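Below, each chain spelled out in residue letters.
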Amino acid sequence: MKKTIFFAKHIPANIFLATLYMFVIFFLTSCKKDPHTLIVALTHPPFHIENAKLQFPTEQSELLWNNRGHIPIMAPDGHQVTFGEFNKVSGYAEVSCHPQGTKITVHVKDLIPNGTYSIWLLTFKDPGFDGTFVNQIGFGAAGLADGSTNVVKASSHGTAEITTITPGGPLSIFGSVGDCLLSEFEVHIAAAFHLDDLSHGAVPGPPGTWVAQAAFPFKGNP
């Protein structure tokens, strides 16, 4: 199984957007709340969405499909999500290291109201994310490896906050991390929206059931 299967099917328009996403990772400024906490801004991953014409959307009013199977992205209230709704999400993550592992707190707003979300970790070796996933070395649930602590339900207003502590050791899908994620070469914290309104434990679920809606990428100090 290829490591990139979880972010497979890059439609042509996404090549440019993946490069833009990479650009943001390298040039987006992260600041420190205190000497021990890294604040990481939210970015919009372009990998899993498409419009009715199987292309990456450009208009806010366009309806969205999961590009792995062209499955409509439906909100819990039964309406099909638009590009404007999907891309409106904003927020930040706090990352700090403790004896028990790496504490991650994700603060987000303008999510899909009442949507079910889960938080995932992707790690990359030097030289890091380059618009593809060739340098990816790890993927798994944030928090406990069984996926029991990485799920959060958005409020009726689309807000959510979740805190997890990821211990050092094997990740739930492949790869492993040390006791402090800030020592990794590059890490992406990803928030996945579940179209089926279900979490799937140690894996995000079948590709047609979830899409990455937000990411918090940062470079560590290996």
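Since the structure is predicted, the reported quantities are computational estimates derived from the model, not experimental observations. (Residues numbered from 1 in each chain as written. Predicted model: local features only at pLDDT ≥ 70, side-chain atom pairs only at ≥ 80, totals over all residues. Heavy atoms only, no water.)

## Overview of the overall build of the protein chain
Then step 1. Secondary structure summary: the protein chain contains two helices and 15 strands in total.
Then step 2. Buried positions account for 52% of the 222 residues belonging to the protein chain.
Then step 3. Considering only contacts within the protein chain whose residues lie at least 6 apart along the sequence, 64% involve residues at least 24 apart.
Then step 4. As displayed, the protein chain offers around 9900 Å² of accessible surface, 61% of which is attributable to carbon and sulfur atoms. (Helix = DSSP H or I, 4+ residues; strand = E, 2+ residues; numbered from the N terminus. Buried < 20%, exposed > 50% of the residue type's maximum accessible area, 1.4 Å probe, protein only. Contact = heavy atoms within 4.5 Å. Areas by Shrake-Rupley, 256 points an atom, 1.4 Å probe, with all protein chains shown as cover.)

## A few points about unusual backbone geometry
Then step 1. A cis amide bond, omega 15 degrees, links Asp-126 with the succeeding residue Pro-127.
Then step 2. By secondary structure assignment, the location of Pro-127 is in the loop between strand S8 (116-124) and strand S9 (136-141).
Then step 3. The phi angle at His-70 is positive, at roughly 50 degrees, despite the residue not being glycine.
Then step 4. Tracing the backbone shows His-70 in the loop between strand S4 (65-66) and strand S5 (71-72).
Then step 5. By relative accessible area, which is 28% here, His-70 ends up partly exposed.
Then step 6. A positive phi angle is found at Asp-197, which is not glycine, with a value near 65 degrees.
Then step 7. Along the chain, Asp-197 turns up in the loop between strand S14 (186-194) and strand S15 (210-219).
Then step 8. For Asp-197, a relative accessible area of 37% gives the class partly exposed.

## Observations regarding the sheet that holds S4
By definition, the strands of a sheet pair up through backbone hydrogen bonds, in either a parallel or an antiparallel sense.
Then step 1. Reading across from one edge, S3-S4-S5 is the order of the three strands in this open sheet, with antiparallel pairing throughout. Looking at which strands have only one partner, the edges of the open sheet turn out to be strand S3 (49-50) and S5.
Then step 2. Summarising the sheet, S3 and S4 pair through two bridges and their orientation is antiparallel. When the bridges of S4 are listed, Glu-50 appears paired with Trp-65. (Pairing = 2+ DSSP bridges.)

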